[in-house]
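Descriptive structure summary
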Amino acid sequence: MQVKKAVLISFIVSVMAVVANAEDYTNAEIYTKMCSKCHGLSAEGNPEKKGPALNDQTAHELEISLYDLKSGGLNQSSGTEHEIMEHNMKKIIEKGMNYEPKSMSEYIFFKFNPNAKYYKKVSESKYTVSEIYGKMCSKCHGIDAEGNPKKKGPALNKMTAHEIESELLEIQRGSVTQSSGTDHEVMEHNQEKIEDKGMRYSPDEMAKYIETNFYKK
């Protein structure tokens, strides 16, 4: 029993030491000192070190990846590149630079992703995402996001927040990566009308609102 207690105390002390050391570094310092070596100073990626770009991912996508790395790749298929990232994560933690995936993902997103400007402007809006959905989006997508065939509005209550957020980002970008098509062009036009009415919103917040209130498994 005494041995178990000693081991437990030792473990707790070691964890507390890591957390205490982590407080000495900001996300900016950790990223610059460690992450930028493989992902670039502006998160643009580094092909030579097989470090993917991070400046084209949402905060939600980054957070999922970081959680997965810290958990040992539970949600990822095994592979050399991912194993290298797990190894690098351990080195970062050993150096006392442990960090919260959520705060780090938000730092990277708002610092380097050009689409972060859409999120920053949300505070300027006089409307909540609930009001915007009810006043504008429900006309084509239904009060309960069930869709409206007459207006060619697809159902949103079968999509995850991640899927909806990706679609909304593409629409706000002006269909940068989407193939052209009548339905999508109509959505872009509607997006312009929404913004003209001062109803700019965060794709992340709108997606979460729709999933939370209407999603049907």
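See above for the structure.
Residues numbered from 1 in each chain as written. Predicted model: local features only at pLDDT ≥ 70, side-chain atom pairs only at ≥ 80, totals over all residues. Heavy atoms only, no water.

**What to know about the state of the cysteines**
Put simply, the rule is: Cysteine sulfur pairs qualify as disulfides if the two atoms are within 2.5 Å.
If you walk through the whole model with that rule in mind, you get 0 disulfides. Between cysteine 35, a free cysteine, and cysteine 38, which holds the nearest cysteine sulfur, the sulfur-to-sulfur gap is 8.8 Å. Left without a disulfide partner, cysteine 137 is nearest to the cysteine sulfur of cysteine 140, which lies 8.8 Å away.

**Observations regarding the pattern of salt bridges**
Stated formally: Every case where a carboxyl oxygen of Asp or Glu lies within 4 Å of a side-chain nitrogen of Lys or Arg is listed as a salt bridge. Each residue's exposure class comes from its accessible area (1.4 Å probe, protein chains only) as a fraction of the maximum for that residue type: buried when under 20%, exposed when over 50%, partly exposed otherwise.
Enumeration according to the criterion identifies 3 salt bridges in this entry. Among the salt bridges present, the one from arginine 200 reaches glutamate 195, with a minimum N-O distance of 3.0 Å. For glutamate 195, a relative accessible area of 27% corresponds to the partly exposed category.

**Overview of the environment of glutamate 211**
Basically, it comes down to this: Per the convention used, a helix needs a DSSP run of H or I reaching at least four residues, while a strand needs a run of E reaching at least two, with both numbered from the N terminus.
Assignment of secondary structure puts glutamate 211 in helix H10 (residues 203–214). Taking the C-alpha atoms as reference, glutamate 211 lies 6.1 Å from threonine 160; in sequence the two are 51 residues apart.

**Structural notes on the packing of aromatic side chains**
Threshold: Pairing of aromatic rings covers Phe, Tyr and the six-membered ring of Trp, with a centre-to-centre limit of 6.5 Å; geometry is then stacked below 30 degrees between planes, edge-to-face above 60, and tilted otherwise.
This structure, assessed with the given rule, holds 7 aromatic pairs. Centroid distance tyrosine 133 to phenylalanine 214: 5.4 Å. Interplanar angle 35°. Geometry classified as tilted. Placement of tyrosine 133 in helix H7 (residues 129–141) and of phenylalanine 214 in helix H10 is noted, with a sequence separation of 81 residues between them. A residue is classified by how much of its surface remains accessible, and phenylalanine 214, at 10% relative accessible area, is buried.

**Let's talk about the nonpolar core**
To keep it simple, the criterion reads: Note on terminology: a nonpolar core comprises buried Ala, Val, Leu, Ile, Met, Phe, Trp, Tyr and Cys residues joined through side-chain atoms within 4.5 Å.
Ranked by internal contacts, the top residues of the largest apolar core, which has 20 residues, are Tyr31, Tyr99, Met104 and Ile108. Contributing elements (two or more residues each) for this core: helix H2 (27–39), helix H3 (59–70), helix H4 (80–94) and helix H5 (101–112). Among the elements that line this core, the one with the most residues is H5, at 5 residues. With 18 residues, the next largest nonpolar core counts Val129, Ile194, Met199 and Tyr201 among its residues.

**Considering the environment of lysine 216**
Cut-off, in case you're wondering: Two residues form a contact once any of their heavy atoms are found within 4.5 Å.
The residue lysine 216 is located in the segment after H10 in this model. On the basis of relative accessibility, which here comes to 57%, the residue lysine 216 falls in the exposed class. Separated by 60 residues in the primary sequence, lysine 216 and leucine 156 place their C-alpha atoms 9.4 Å from one another. Apart from the residues within four sequence positions on either side, lysine 216 is in contact with Asn157 and Lys158.

**Structural notes on the environment of leucine 66**
Tracing the backbone through its elements, the reader meets leucine 66 in helix H3. What makes leucine 66 buried here is its relative accessible area of 12%. Counting along the chain gives 33 residues from leucine 66 to tyrosine 99, while the straight-line C-alpha distance between them is 9.8 Å. Filtering out sequence-adjacent residues up to four positions away, leucine 66 remains in contact with Met89, Tyr99, Pro101, Met104 and Ser105.

**Notes on unusual backbone geometry**
Phi at lysine 50 takes a positive value of approximately 55°, unusual for a residue other than glycine. The topology assignment puts lysine 50 in the loop between H2 and H3. With a relative accessible area of 58%, lysine 50 lands in the exposed category. Although it is not a glycine, alanine 145 sits at a positive phi angle of roughly 60°. Along the chain, alanine 145 turns up in the loop between H7 and helix H8 (161–173).

**Quick notes on H2**
Operational definition: By this rule the span expected of a helix is its residue count minus one, scaled by 1.5 Å. What we call the bend at a residue is the angle made by axes fitted to the seven residues finishing there and the seven residues starting there.
The end-to-end C-alpha separation of H2 is 14 Å, well short of the 18 Å expected for 13 residues at 1.5 Å each. Lysine 33 marks the point of greatest bend in H2, at about 45°. Regarding H2, the residues found buried are Asn27, Ile30, Tyr31, Met34, Cys35, Ser36, Cys38 and His39. Glycine 40 lies just past H2 and shows a positive phi near 90°.

Fair warning: the whole summary comes from geometry, so function is off the table for now.
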